[in-house]
Amino acid sequence: MEAFVGILVDTLNSMIQKESGLLCGVATDMEKLARLLSTIKAVLEDAEQKQFTDKAIQLWFQKLNGVAYEIDDVLDDYAAEASRVKYKNSGCFSLMCYPIAGNLVFRHRIGTRMKEILEKFNAIADERIKLGLIDQKRGSNHFQVDSTGTRETGSLLKEPDLVLGRDEAKDEIVKILVNQVRDNQNVSVLPIVGVGGLGKTTLAQLVFNDERIAKHFEPKLWVWVSEDFNVKRIIKALINSIRGTPVEELELDPLQRKLQGLLRGKRYLVVLDDVWNENLEEWEKLKSVLECGSRGSSIIMTTRMEKVATIMGTLQTYYLSSLSENQCWSLFRQRAFGRQEAEEYPNLVVIGKEIVKKCGGVPLAAKALGGFLRFKRQENEWNSVKCSEIWNLPQDTTHILPALRLSYLNLPVELRGCFAYCAAFPKGYEFEIEEVIYLWMANGLLSSNETMEVEDVGVAVLTELYYRSLFQAVKEDEFGNALTFKMHDLVHDLARSVMEAKHGGTESNRTMILGMPDDQLTVAFPITITGIDQCFSFLSKCGSLRALKVMSYNKQLLHAISKLKHLRHLDLSRSLIVELPNSICDLWNLQILNLNDCLILWSLPKGMRFLRNLRHLCLHGCWSLTHMPSGIGKLTCLRTLGMVVPSGKKGFRLSELRDLNMLRGGLTIMHLERIEDKKDAEEACLIKKQSLHGLNLYWDSERMIQRYNDEEVLEALKPRPNLQLLRVLGFNGSSFPSWISTVTEVVVHESAAEYIVGVQESTAAAAAMSPSLKQLELENMPNLKGMLGREVQGTPGVFSQLQSLSFKDCPMLTLPLPRLLSLKELCVDRCPNMAWASISNLTALKELTIKHSPELDSLPEEGLRGLASLRELHLVRCYNLVSLSMGTKALKSLTRLCINGSHATALPEEVKHLPALQKLELQSFSNLTSLPDWFGDHLTSLQDLTLKYCPLETLPSSIQKMTTLQHLTIFRCYRLGRQCKRGGEEWHKIKHIPDLKIEN
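Quantities reported herein were computed from a predicted structural model and do not represent experimental measurements.

Cut-off values and rules
Within any chain, residue numbers begin from 1 and follow the written order of that chain's sequence. In keeping with the model being predicted, local features are shown solely for residues with a pLDDT of at least 70 and side-chain atom pairs are shown and tallied solely at 80 or more, while totals for entire chains, interfaces and linings include all residues. The side-chain values count all of the structure's non-hydrogen atoms but skip hydrogen atoms and water molecules. To qualify as a helix, a DSSP run of H or I must reach at least 4 residues; to qualify as a strand, a run of E must reach at least 2; elements of each kind are numbered from the N terminus. Each residue gets one of three labels from its accessible area relative to the maximum for its type: buried under 20%, exposed over 50%, partly exposed in between, using a 1.4 Å probe on protein chains only. Residue contacts are defined here by distance: any two heavy atoms, one from each residue, within 4.5 Å place the two residues in contact. Planes of paired rings set the category: under 30 degrees apart is stacked, over 60 is edge-to-face and the rest tilted, where pairs are Phe, Tyr or Trp rings (Trp by its six-membered ring) whose centres lie within 6.5 Å. Think of it as a cone above the ring: NZ of Lys or CZ of Arg counts as a charge over the ring if it is within 6 Å of the ring centre and within 35 degrees of the ring normal. By definition, two strands form a pair when at least two bridges between them are found by DSSP. Only the stretch in contact is used when fitting a helix axis, every axis being a line fitted to C-alpha atoms; angles between N-to-C directions are given from 0 to 180 degrees. The labels follow the angle: roughly parallel below 35 degrees, roughly antiparallel above 145, roughly perpendicular from 65 to 115, and oblique for the rest. Handedness of each helix crossing follows the sense of rotation of the near helix against the far helix: counterclockwise by less than a right angle gives left-handed, clockwise gives right-handed. Given the number of residues in a helix, its expected span is that number minus one, multiplied by 1.5 Å. Amino acids outside the nonpolar list (Ala, Val, Leu, Ile, Met, Phe, Trp, Tyr, Cys, Pro) and the charged list (Asp, Glu, Lys, Arg) are all regarded as polar, and Gly is one of them. When a carboxyl oxygen of Asp or Glu is within 4 Å of a side-chain nitrogen of Lys or Arg, the pair counts as a salt bridge. Think of a patch as exposed residues, more than 30% relative accessible area, with no salt bridge, where like charges cluster within 9 Å and nonpolar side chains (Val, Leu, Ile, Met, Phe, Trp, Tyr) cluster within 5 Å. For the accessible areas, the method is Shrake-Rupley and the probe is 1.4 Å, while residue cover comes only from the protein chains on display. For the purposes of these results, a polar contact is taken to be a pair of N or O atoms within 3.5 Å, where, inside protein, one atom must be able to donate a hydrogen and its partner to accept one; residues adjacent in sequence count only when each atom of the pair is a side-chain atom. For the purpose of counting charges, residues Lys and Arg are taken to be positive, whereas Asp and Glu are taken to be negative. His and the chain ends are not included. Here pLDDT means the predictor's own confidence in every residue, given as a number from 0 to 100.

From N to C terminus, the protein includes 30 helices and 33 strands. For the protein, buried positions account for 52% of its 1000 residues. Sequence separation of at least 24 residues holds for 63% of the intrachain contacts in the protein that already meet a minimum separation of 6.

By the criterion of burial, helix α19 (residues 433–442) is predominantly enclosed, with 7 of the 10 residues buried. What α19 keeps buried is the set V436, I437, Y438, L439, W440, M441 and A442. A positive phi of about 70° marks G444, the residue just after α19.

Attention shifts here to the packing of aromatic side chains. Summed over all chains, the structure comprises 18 aromatic pairs. Arranged with centres 6.1 Å apart and planes meeting at 20°, the rings of F337 and Y345 form a pair that is stacked. Overall, Y345 belongs to the partly exposed group, its relative accessible area being 24%. Through successive ring pairs, a cluster of aromatic residues spans F425, Y429, F431, Y466, Y467, F471 and F485. Taking the ring centre of F971 as reference, the NZ or CZ of K948 above it sits at 5.8 Å.

Turning our attention to the sheet that holds strand β2 (residues 220–226). Read from one edge to the other, the open sheet built from 5 strands follows the order β2-β3-β4-β1-β5, with strand pairing classed as parallel. Among the strands making up the open sheet, the edge pair consists of β2 and β5 (318–319). Looking at chain direction, strand β1 (residues 188–193) and strand β4 (residues 298–303) are connected through 6 bridges and run parallel. Residue pairing in the sheet places P191 in a bridge with M301 of β4. Set on the sheet, helix α8 (residues 231–243) makes contact with β2 and β3 (269–275); between it and β2 the angle comes to about 150°.

Packing of α8 against helix α9 (residues 252–263) leaves a shortest axis separation of 10 Å and a crossing angle of 40°. Relative to α9, the element α8 is oriented oblique. As α8 packs across α9, the resulting crossing turns out to be left-handed. For the pair α8 and α9, the contacting residues are K232, I235, K236, L238, I239, I242 and R243 in the first and L252, L255, Q256, K258, L259, L262 and L263 in the second.

The next point concerns helix α20 (residues 454–467). Helix length check: α20 (14 residues) gives 20 Å between terminal C-alpha atoms against 20 Å at 1.5 Å per residue, within 8%. Taken residue by residue, α20 has V454, E455, V457, G458, V461, L462, E464 and L465 as its buried positions. In the core, the buried residues of α20 are packed alongside α11 (306–312), α18 (413–421), α19, β8 (482–486), β15 (616–618) and β18 (664–669). Backbone geometry just after α20 places S469 at a positive phi near 65°.

Before going further, it helps to examine the packing of α18 against helix α21 (residues 489–503). Between α18 and α21, whose axes approach to 8 Å, the crossing angle comes to 110°. Judged by the inter-axis angle, α18 sits roughly perpendicular to α21. Residue-level inspection shows F419, A420 and Y421 of α18 in contact with α21, the latter providing V491, L494, A495, V498 and M499. A per-class count over the contact of α18 with α21 returns 8 nonpolar, no polar and no charged.

Here the focus is the pattern of salt bridges. Tallied over the entire structure, the rule returns 41 salt bridges. Among the salt bridges present, the one from E453 reaches R615, with a minimum N-O distance of 3.0 Å. One end of the pair, E453, is in the loop between α19 and α20; the other, R615, is in the loop between β14 (592–594) and β15, with 162 residues separating them in the sequence. With a relative accessible area of 18%, E453 lands in the buried category. On the basis of relative accessibility, which here comes to 14%, the residue R615 falls in the buried class. Salt bridges linked by common partners bring E453, E455, D456, R615, R639 and R664 together as one network.

Now for a nonpolar patch on the surface. A surface patch of nonpolar side chains, about 690 Å² in accessible area, is lined by Y553, L576, V578, L599, I600, W602 and W623. Tracing the backbone through its elements, the reader meets V578 in the loop between β13 (569–571) and β14. A relative accessible area of 33% places V578 in the partly exposed class.

With that settled, the discussion passes to the environment of H488. The residue H488 is located in the loop between β8 and α21 in this model. On a C-alpha basis, the gap between H488 and G428 in space is 7.2 Å, while along the polypeptide they are 60 residues apart. A distance of 2.6 Å separates the side chain of H488 from the backbone oxygen of G360, its partner in a polar contact.

Inspection of the secondary structure assignment puts R128 in helix α4 (residues 100–130). In this structure R128 is buried but unpaired, with D126 as the nearest side chain of opposite charge at 5.3 Å. Not counting the four nearest positions on each side in its chain, R128 is found in contact with T39, I40, V43, W60 and L133.

Another aspect to go through is the sheet that holds strand β7 (residues 472–476). Judged by pairing direction, the sheet is antiparallel, and its 3 strands sit side by side in the order β6-β8-β7 without closing on themselves. Edge strands, defined here as strands with exactly one partner in the open sheet, are β6 (431–432) and β7. Summarising the sheet, β7 and β8 pair through 4 bridges and their orientation is antiparallel. By the bridge assignment for β8, Q472 is matched with K486.

What follows deals with the confidence of the model for the protein. Looking at the protein, pLDDT values average 86 and 89% of them are 70 or higher. Every residue in residues 91–101 is under pLDDT 50, and counting partners more than four places away or in other chains gives 16 contacts.

Have a look at this one:
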């Protein structure tokens, strides 16, 4: 709320300074309002801390929110009116030129509303005094430290009998501290990270009290740090812990020397519990004092915040997982029934197991709810807890939300509203990065600053909430970057409790989800309205709506939506919409229009140019879009433009992209065969769009008309250097422009090109180029003969950085591969005329994959000899391959061999010449009934053997000699699988292998 009020103050002051013409007669009231808002803002931190226990402050917050939203609506009306005036006056930016009559009407309307708001706000400001709210002068902490000591921890377990499910985690950490870091010269710091109540302190206590730790470390010290990371206090606590008596009051320097004197030369263990400090300098002050022990000295620190772990940790962070539902039930049962047998109350057991689902694997919640029901034996009492939300339960006895609330109160003010807003999502909902940022933007919870755009601020907020364990990553990309997030159920309860306290659940008038199966309307906060007429009636009362998601298409509904003048975010994604009505273009304030995956959408409204505030036009997956209106180039606020379609002289032209240089993310250009003039492509100025990461260039592969040369069009569409991804589809040129070398990854499908580089580069061009091409994928290119034209000499710089190369369905590929000195991965799929001997040029190759090559009966001996760096060889559906050739003797470094699909009756003999082989996978060998006798004698490095879909009947006796073999998987090798079960005929051959997976 404080951040939202701050944004309102800034907006008001900006309007007062810039637009005196339109505000004449109203400016005085606006100035008063700005001062009142600043006064209110000063006491919001105090109100934040008291709201959860003081009902009167909750009601005050709700009034404040209601009036703040009214102010926001007025300012929104003003901004829209100001923008319209500027637009109508064709570049006249002074509102003094606004027609007198219109000016007076608007000023009267604004003035009346402002006076009403001022009255309400004066009352709210007066009430703050009665409630005793004060201006807190805060330092680095964002909330008051718990002075009661109820959260203070020590090294002794309170209830050792109530610790479940942490033995494995304890053993893992003990082994790290005792075995792995025992010889480390510098002090090792192991962070334990998890959401509040998950058991981080308990785990640290288990480790601290383990016998192995006691034998290994001396001394062992425990400090509860909490929010106040005071270096002097922590040092005193450590000294007190060693000496057993309070240290005298001294300055910092003698305390530092005293502690070092006590620790010097000793292998100590320090636990810093409940750390919140994000100040690297403060940590360095403490760390420098502790760097005096002997080898293997270690620190365990527990925190809810990954950022803290990043600052302090030297070892890999230990992320504490949730307990299983069964473990939670055991904790709950012990607390709820005590020594009584739960079986005496079968009905309560059924209800209790439902209650445990609320706990989300958090032991604090399981113990708290069990304790709350300890002396309650009536079914209605237990059902009441089952049906209640966590935040509605008595907090003085459950302690769940107060424990979690620390994470909320520790948030910087600009993050609190964003966090609480996520209560609008259902529990367990997975949200994408852009999805939540767009909703924050629409609701005025984010603002740009001098160095960051509002979207980047949103990414920073989301990242911070993730680092504070309030968001959990669900899906990640291949590089480990989070793609989707969700909130733990209890964290969702926390967000909902904040939303209830501040808004009374009325946030639904700002964000709405419309789903209309069976003419039923649902919104983010549960409301159900039956009947299409009532839906429209309800929408007409939602004038303040900022974000709307429509789950199913209704033409009448879209016309009703066009009257929601404050709407900033309209999400019609995945709907069966065919065309948008032109009335949608009346939504002057619209910032986000999400049409992603509207698969049958074929056109956009002609008035799109009027949506001057539009920042994100999301059109991913709108493959039926055949035409776009002109005027898109006037939407200069655009940051996302998912797709454009050249549409002739009266429609959209590529030259309209000229001034849209703030575009980011990906851009798809469809129907490039419609380009009539190379100049139109050049004027798109893609090279100036520095934030563009991906570019998809598509020609219709079944085109009937060719209006311009594809090669010249592609040359003209040169993007900025170091573009991350370029996809080209349907290109009819014979070769590609040299600028593709400046793209990191290039994917070409359905192209008629004969070569990738068809002409020799000039010396000057080669010198000017800074190649960054690392990954090249070529698929369904029926005319491709080779990577280089015949007249191209040597290996051009375009491929100097290439690391991954893939050919698929290239039947004319006959020319040898050039020397690709950086290439590490090569995949060849359905290329029957491949010049296999040329792979010997790939001296850096680490992984080779050959697919669907029935023409091969053996691998080329001369080709393998140069592959001394090869680590992995994958042979997929090369059915007639019976020999790997003697060239495999050169593959002394090969560690993984996968053969999937073969008609061979025996494993190729050459496999015995792979001394470094660690992993062997054999799949779909339709005629393989046994492995050779030499198997265990020669594959002395093998660690992992996988056998799938093979008619194997027996294993060689020599497999018993394979002491290195750690993992054996037998999957749907039916006869062998039965024989290898415990007690089967083959069991004695494999019983020594630690990890066995046999599944029929």
